[in-house]
Amino acid sequence: MEVQKVTEDIYILGIESSCDETAAAVIKNGREVLSNVISSQIDLHTLYGGVVPEIASRKHIEKINQVVEAALEEAGKSLEEIDGIAVTYGPGLVGALLVGVSFAKALAFALNKPLVGVHHIEGHISANFIEHKDLEPPFACLVVSGGHTHLVVVKDYGEYEILGCTRDDAAGEAFDKVARAIGLGYPGGPKIDKVSKEGNPDAIHFPRAKVENSRYDFSFSGLKSSVLNYINSCEMKGEAVNVPDVAASFQKAVVDVLVEHALIAVEEFGFHKFALAGGVASNSSLRKAFEEACKKRNIEFYCPSPVFCTDNAAMIGAAGYYEYIKGTRSGYDLNAVPNLKLGER
Ligand code: KG4
Ligand code: ZN
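Residues numbered from 1 in each chain as written. Chains lettered and ligands numbered in written order. Predicted model: local features only at pLDDT ≥ 70, side-chain atom pairs only at ≥ 80, totals over all residues. Heavy atoms only, no water.

*Asks:* In this structure, what is going on with the domain arrangement of the chain? I would like to understand it.
*Replies:* Interface size is commonly expressed as the accessible area that is lost once the parts come together. Split into domains, the chain comes out as domain 1 (11-128 + 309-325) and domain 2 (137-304). With 19 residues of domain 1 in contact, the opposing surface of domain 2 contributes 24 residues. The junction of domain 1 with domain 2 conceals about 1600 Å² of combined surface from both sides, 70% of it contributed by carbon and sulfur atoms. Three residues stand out in domain 1 for area buried against domain 2, namely Ile125, Asn128 and Cys309, and they jointly supply 39% of the buried area on that side. Counting every contact that joins domain 1 to domain 2 gives zero salt bridges. Along the contact surface separating domain 1 from domain 2 lie six residue pairs in polar contact (both at pLDDT 80 or more). (Domains from an automatic or database assignment. Contact = heavy atoms within 4.5 Å. Buried area = accessible area lost by both parts, 1.4 Å probe. Salt bridge = Lys/Arg side-chain N within 4 Å of Asp/Glu carboxyl O. Polar contact = N/O pair within 3.5 Å; in protein donor to acceptor, adjacent residues only side chain to side chain.)

Dropping the structure here:
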């Protein structure tokens, strides 16, 4: 990539509000986290078994000022010392996104500083740059979050090619739905991860779905139905459901499919570097499986620490930095785009 030669340190204020986390962070030169403040609404949404969009928007409005102030304070930076403001403008919940976008636009206007709209998935991918200072494109990346399951080629900073994605539920969505069905509640992913440690992953064989004519695409709705059918049949027979076994067996089915599809692509394209990203990338079993599979094939494996896997603004600041030095600038007409595609502007 032709980037402008940067001789001075660049400080980016990242802002994220696409779902149920209000977050702000200050990032130096795209890779150093000076602060990473996250105000989670999980406790509030747990009462309803999932994210309630209207409540999320209202909470973001209440919190965003404090969160941004805390991020600046923790970083020891004033607003005047910030070089640019990066904000998630899609995909996500429209009302939630609008809070971050409006706030960032107002700041950029008042301070006369550059504004950079960031794609949420680009943020997740860029979380890998924070702790892996040696990581440079090109590499392959599997993004697994609550709303997305994307197998992506990162050709260069900000340049992506999507090889495959889910045809129905996202991986995180499957975790959340199965967790609800086995009585673990919301958010399902971390709970299944925890309870699986007590269970036998080979106790029940759940299907590993393949998508016809597409080796890189995923499908998780059949697996979810299979778990629901298993629970129903236990109930009809009057048998108790062994929650840790169901959780561990379901988790293994997801992990197997993700590893298999991703590695077909990595080997076919001859990548030497593979990265994980997104909330589900904090799953202990998934990380271990990829680490082992990559080691066996001599592929360098990268994964952010869990705090940078789930939604945060440090990843938005990192992605925003690379867009900033490329010269990407957003106008005051920047809008929230709930179904923004990766690579679109
Ligand atoms: O990336 P993220 O924070 O938000 C989206 O962009 O969607 O991902 C949230 C998703 C949720 O579905 C949550 O259940 C899942 O990530 N998740 C996990 C784990 N931690 C979070 N899934 C499996 N294992 C985990 N440890
Ligand atoms: Zn996310």
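*Asks:* Teacher, can you tell me more about the packing of helix α5 (residues 171-181) against helix α6 (residues 188-196) here?
*Replies:* For any two helices packed against each other, one specifies the crossing angle of their axes together with the interaxial distance. With their axes 7 Å apart at the nearest point, α5 and α6 run at an angle of 70 degrees to one another. By the angle between their directions, the pair α5 and α6 is classed as roughly perpendicular. As α5 packs across α6, the resulting crossing turns out to be left-handed. Between α5 and α6, the contacting residues are Phe175, Asp176, Val178 and Ala179 on the first element and Gly188, Gly189 and Ile192 on the second. (Axes fitted to C-alpha atoms, helices over the stretch in contact; angles between N-to-C directions. Helix = DSSP H or I, 4+ residues; strand = E, 2+ residues; numbered from the N terminus. Parallel < 35°, antiparallel > 145°, perpendicular 65-115°, else oblique. Left-handed = near helix turned anticlockwise from the far one by under 90°.)

*Asks:* Is there a simple way to explain the coordination of the zinc ion (ligand 2) in this structure?
*Replies:* Six octahedral donors around a metal ideally sit at 90 or 180 degrees from one another, while four tetrahedral donors ideally sit at 109.5 degrees. Coordination sphere of the zinc ion (ligand 2), protein contribution only: His120 (NE2), His124 (NE2) and Asp311 (OD), at 2.0 Å. Donor residues binding the zinc ion (ligand 2) come from one chain and are separated in sequence as H-x3-H-x186-D. In this pair, histidine 120 is assigned in helix α4 (residues 120-131) and aspartate 311 in the loop between α10 (306-309) and α11 (314-326), connecting sequence segments 191 residues apart. In this structure, histidine 120 and aspartate 311 share a single accessibility class: buried. (Donors = N, O, S within 2.8 Å, 3.2 Å for Na, K, Ca; no water. Buried < 20%, exposed > 50% of the residue type's maximum accessible area, 1.4 Å probe, protein only.)

*Asks:* Which parts of the structure should I look at to understand the site of ligand 1?
*Replies:* Residues in contact with ligand 1 amount to 19 residues; listed here are only the nearest, Gly146, Asp176, Asp193, Gly279 and Asn283. Residue aspartate 176 places a side-chain N or O atom 2.7 Å away from an oxygen atom belonging to ligand 1. Protein contacts shield 89% of the accessible area of ligand 1, which totals 560 Å² for the unbound molecule. A majority-of-atoms criterion places ligand 1 in the largest pocket. Elements that contribute at least two residues to the shell around ligand 1 include exactly α4, α5 and α6. Considering only residue class, the shell around ligand 1 consists of four nonpolar, twelve polar and three charged. Taken domain by domain, the shell around ligand 1 gets at least three of its residues from each of domain 1 (11-128 + 309-325) and domain 2 (137-304). (Near = heavy atom within 4 Å. Areas by Shrake-Rupley, 256 points an atom, 1.4 Å probe, with all protein chains shown as cover. 1 Å grid on protein atoms, 1.4 Å probe; cavity = no way out; pocket = protein on both sides within 12 Å on 5 of 7 lines; lining within 4 Å. Sits in = over half its atoms within 2 Å of the grid points. Nonpolar A, V, L, I, M, F, W, Y, C, P; charged D, E, K, R; others polar.)

*Asks:* Looking at this model, I keep getting lost on the packing of α5 against helix α8 (residues 243-269). Mind explaining?
*Replies:* As a packed pair, α5 and α8 sit with axes 11 Å apart at the nearest point and diverge in direction by 170 degrees. The orientation of α5 relative to α8 falls into the category roughly antiparallel. Residues Ala174, Phe175 and Val178 of α5 lie in contact with α8, whose contacting residues are Phe250, Gln251 and Val254. Among the residues forming the contact of α5 with α8, the class breakdown is five nonpolar, one polar and no charged.

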